[in-house]
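# Examination of the molecular architecture
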Amino acid sequence: MAIVVERPKLTLAEKFYLPSIIAGLAITWKHLKRAIFNKGIVTMQYPEEKWDANLPEWYRGAPTLVTDEHGREKCVSCQLCEFICPPRAITIKPGEIPENDKWRKVEKRPQEFDIDMARCIYCGLCEEVCPEEAIFLRKDYSITGLNRAEMVHDKETLYKLGGVKSGLTFKWNELK
Amino acid sequence: MDTALILHFLSTPWVFLLWTTFLKSFIFLNLTIIVVSVTVFAERKVSAFIQDRTGPNRVGLPLTLLGAKKDPFLWGLGQMVADPIKLLTKENFVPGGVDKLYFWLAPKLVMIPPILVLAVLPFGSSLFGVEMTIANLNIGVLYIFAIASLSVYGITLAGWASNSKFPFLGGIRSSSQMISYELSLGLSIIPVFMICGSLNLNEIIDWQVKNGWLVSPWWPKGFSIHDLLHPAAILHSFVAGVSLQRILLWIPLMISFVIFLVSIFAETNRLPFDLPEAEQELVGGYHTEYASMNFALFFLGEYAAMFAGSGAIVSLFLGGWSCPLIPDGSQGWFWGLVNIGVFFVKVSLMLLFMIWVRWTLPRFRYDQLMKLGWLGFFPVALFNIFLTALILAFVRN
């Protein structure tokens, strides 16, 4: 059934526009006057002021690699993240752990681990797929570089950003 | 060459006229360009304040590049210089398929008319006996209408030459809008001519100096500093200014002021009538395909038109360079300078008002605009003329 919307009857003042225009001007003038004296301004001066403290728990920032509390690289270079990565940002060169190493029984660790941040879409699939809980999306979001080469995070940078993740991580829990 | 001989040559009438006119044009044009860049900055700042933002507040003097410890904080005033530099140094990209000749011609056609309008605006009384109008034309106001409406050709040509949908729509809108408003713009100020008895802007301002501004025609002879010493004289000038004819004339004058003001908004393509460049509907309107300095010329044209329009409003209705208590330039060069200052202050306030209105009102719909122009302002302006004529004919004092 068609619904007929009744047009409101306008008073003479409303038909003339001018009173409502003046009312509108009064409102904007109030805001202008307030803002000139630096009150009520909602702009955040970005590089000086940041929202970092208010980032949500589940925020997906830059992917990073972590070590455990014994200083072991958690990554075993299984390359699952490399295969699942939708934009193919991850490049891993697996390497064998030498005989005399303390963690010989782990057998493998990445020789090179590059994440091209110019390609990364912050989807978090690498974190989800990792069987060793070695790759985590941290809260860094301001990744900058002057050229493409600078945008590639190598293994050293990734471990520096990731830091240590101690204890058991329950990766299917809400809190990570 | 002898100095006396040069001075003699410079003060022969036509040479004197020539070099003073060149000097006036040069100074007024440069002042206008400065006002335009300040207005662009003010537009951004005021819009930000109205929307509870800060606006541009970073660009200042890059003294740290020259070895200083800290850049001075200038509230972003450097933006006024940074914007033109950016526009000047950008690549002037011309898309394929455009009509080259008209594509290059259009921005110039938009920019030139508002600058030509400046020629007849009296921006001061007189300085060292030289009249502060570039051209003292007897048909001043008609000249303004004739020239100002030419800028629509630039906009329409830009829309057509761009070979693109959105600019084309912008161009079409611009021409229909111009037809709707030009008429009421012209008709609305006929009462002014009937009251002042002249089309010459200088003479209209002289009338306002003697009888009070046209928006409030109350004091005859104008105030002067000498009057201040005699309270009786102030009272006298007010009482003498109020006559039945004046009170009645005030009504048609207010009507023509409002119509003229609104029509100037439409003429300069400002919101609420910025249909040719409606960003939300037409991408950028007629200048969508333009870049770099070509775009900057459109920008310059728009803001110069704002300046010229404000100048016309100020000269016609708000007393031009005159201000109560301030004598004109015949009392000494200092007062001549003050008068120029008064004109620029009034124009700046008018520009501020235009910006303020822009960030308050939403855009009119296409048909609403035409309806307002043809069915609203046109008959009212016509009626206004007859009202003024009747008052002038039957109410003698």
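This text goes with the structure placed above it.
The sections below set out a description of the structure shown in this document.

Reading the values: the criteria
- Residues numbered from 1 in each chain as written.
- Chains lettered and ligands numbered in written order.
- Predicted model: local features only at pLDDT ≥ 70, side-chain atom pairs only at ≥ 80, totals over all residues.
- Heavy atoms only, no water.
- Contact = heavy atoms within 4.5 Å.
- Buried area = accessible area lost by both parts, 1.4 Å probe.
- Salt bridge = Lys/Arg side-chain N within 4 Å of Asp/Glu carboxyl O.
- Nonpolar A, V, L, I, M, F, W, Y, C, P; charged D, E, K, R; others polar.
- Core = buried A, V, L, I, M, F, W, Y, C linked by side-chain atoms within 4.5 Å.
- Buried < 20%, exposed > 50% of the residue type's maximum accessible area, 1.4 Å probe, protein only.
- Helix = DSSP H or I, 4+ residues; strand = E, 2+ residues; numbered from the N terminus.
- Axes fitted to C-alpha atoms, helices over the stretch in contact; angles between N-to-C directions.
- Parallel < 35°, antiparallel > 145°, perpendicular 65-115°, else oblique.
- Left-handed = near helix turned anticlockwise from the far one by under 90°.
- Polar contact = N/O pair within 3.5 Å; in protein donor to acceptor, adjacent residues only side chain to side chain.
- Expected span 1.5 Å × (residues − 1).
- Bend = angle between axes of the 7 residues up to and from the residue.
- Pairing = 2+ DSSP bridges.
- Phe/Tyr/Trp six-rings, centres within 6.5 Å; stacked < 30°, edge-to-face > 60°.
- Lys NZ or Arg CZ within 6 Å of the ring centre and 35° of its normal.

The next thing to look at is the interface of chain A and chain B. The interface is formed by 19 residues belonging to chain A together with 17 residues belonging to chain B. In total, about 1600 Å² of surface goes out of reach between chain A and chain B, with carbon and sulfur atoms giving 67% of it. Its largest share of buried area at the contact with chain B, chain A owes to A:Leu25, A:Thr28 and A:Leu32, together 30% of the area lost on that side. Between B:Asp52 and A:Arg34 there is a salt bridge, with its nearest N and O atoms 3.3 Å apart. Partitioned by chemical class, the residues of the side of chain A that touches chain B number 11 nonpolar, six polar and two charged.

We now examine the nonpolar core. Core analysis: the largest hydrophobic core is formed by 87 residues, its most contacted members being B:Ile189, B:Val192, B:Phe260, B:Phe273, B:Leu316 and B:Phe317. The leading source of residues in this core is helix α14 (residues 292-317) of chain B, at 12 residues. Not counting residues up to four positions away in its chain, the partners in contact with B:Phe317 are B:Ile189, B:Val192, B:Gln208, B:Trp213, B:Leu214, B:Val215, B:Leu253, B:Ser256, B:Phe257 and B:Phe260. Listed in part, the 21 residues of the second largest apolar core include A:Ala62, A:Cys81, A:Cys120 and A:Met151.

Bringing the packing of helix α4 (residues 100-117) of chain B against helix α6 (residues 151-161) of chain B into the picture now. Two quantities define a packed helix pair, namely the angle between the helix axes and the distance between the axes. All names here are of chain B. Here α4 crosses α6 at 155 degrees, and the two axes come no closer than 7 Å. Regarding the angle of α4 to α6, the classification is roughly antiparallel. As for how α4 packs across α6, the hand of that crossing is left-handed. Contact residues: α4 offers Tyr102, Phe103, Ala106, Leu109, Val110 and Pro113, while α6 offers Ser151, Gly154, Ile155, Leu157, Ala158, Trp160 and Ala161. Its residues placed into classes, the contact of α4 with α6 shows 11 nonpolar, two polar and no charged.

Attention now goes to the environment of A:Glu73. All names here are of chain A. Mapped onto the secondary structure, Glu73 falls in the loop between β1 (63-65) and α3 (80-84). The sequence separation of Glu73 and Tyr122 amounts to 49 residues, and the corresponding C-alpha distance is 22 Å. Apart from residues lying up to four places away in sequence, Glu73 is in contact with Val66, Thr67, Arg109, Pro110, Lys155 and Tyr159. Separated by 3.2 Å, the side chains of Glu73 and Tyr159 make a polar contact.

Under the definition given, this model contains 11 salt bridges over all chains. Here A:Glu73 ties to A:Lys155 by a salt bridge, and the two come within 3.5 Å at their closest N and O atoms. Note that A:Glu73 is positioned in the loop between β1 and α3 and A:Lys155 in helix α5 (residues 155-162), a separation of 82 residues in sequence. For B:Asp367, the salt bridge identified is with B:Arg365, shortest N-O distance 2.8 Å. Assessed through its relative accessible area of 42%, B:Asp367 is described here as partly exposed. Each of the salt bridges in this network shares a partner with another, and the network as a whole consists of B:Glu43, B:Arg270, B:Glu302 and B:Arg358.

This brings us to helix α12 (residues 244-267) of chain B. All names here are of chain B. If you check α12, its first and last C-alpha atoms are 34 Å apart, about what 24 residues at 1.5 Å a residue would give, namely 34 Å. At Trp250, α12 shows its largest kink, close to 25 degrees, and the proline Pro252 lies no more than four residues downstream. Looking at the residues trailing α12, positive phi occurs at Asn269, about 55 degrees.

All names here are of chain A. On the basis of which strands lie adjacent, the open sheet formed by three strands has the order β2-β3-β5 and antiparallel pairing. Of all strands in the sheet, those bounded by a partner on one side alone are β2 (90-96) and β5 (152-153). Sheet topology places strand β3 (residues 108-116) next to β5; two bridges connect them, and they run antiparallel. Within the sheet, the bridge partner assigned to Asp116 lies in β5 and is Val152. In the packing of α5 onto the sheet, the strands contacted are β3 and β5, and the crossing angle to β3 comes to about 90 degrees.

As a further point, take the packing of aromatic side chains. This structure, assessed with the given rule, holds 23 aromatic pairs over all chains. Measuring from ring centre to ring centre gives 5.2 Å for A:Trp29 and B:Trp356, while their planes differ by 50 degrees; the resulting arrangement is tilted. On the criterion of chain membership, the pair formed by A:Trp29 in helix α2 (residues 18-36) and B:Trp356 in helix α15 (residues 333-358) is interchain, its members lying in two chains. A:Trp29 gets classed as partly exposed once you look at its relative accessible area, which sits at 38%. A ring pair is formed by B:Tyr181 and B:Phe377, whose centres lie 6.3 Å apart and whose planes are at 70 degrees; its orientation type is edge-to-face. With B:Tyr181 in helix α7 (residues 165-188) and B:Phe377 in helix α16 (residues 366-394), this residue pair connects regions lying 196 residues apart in the sequence. Residue class for B:Tyr181 comes out buried when judged on its relative accessible area of 1%. Every member of this aromatic cluster is reached through a ring pair, and the members are B:Phe28, B:Phe123, B:Phe307, B:Phe343 and B:Phe344. Sitting over the ring of A:Trp103, A:Arg72 keeps its end group 5.9 Å from the ring centre. Note that A:Lys165 overlies the ring of A:Phe136, its terminal NZ or CZ placed 4.5 Å from the centroid.

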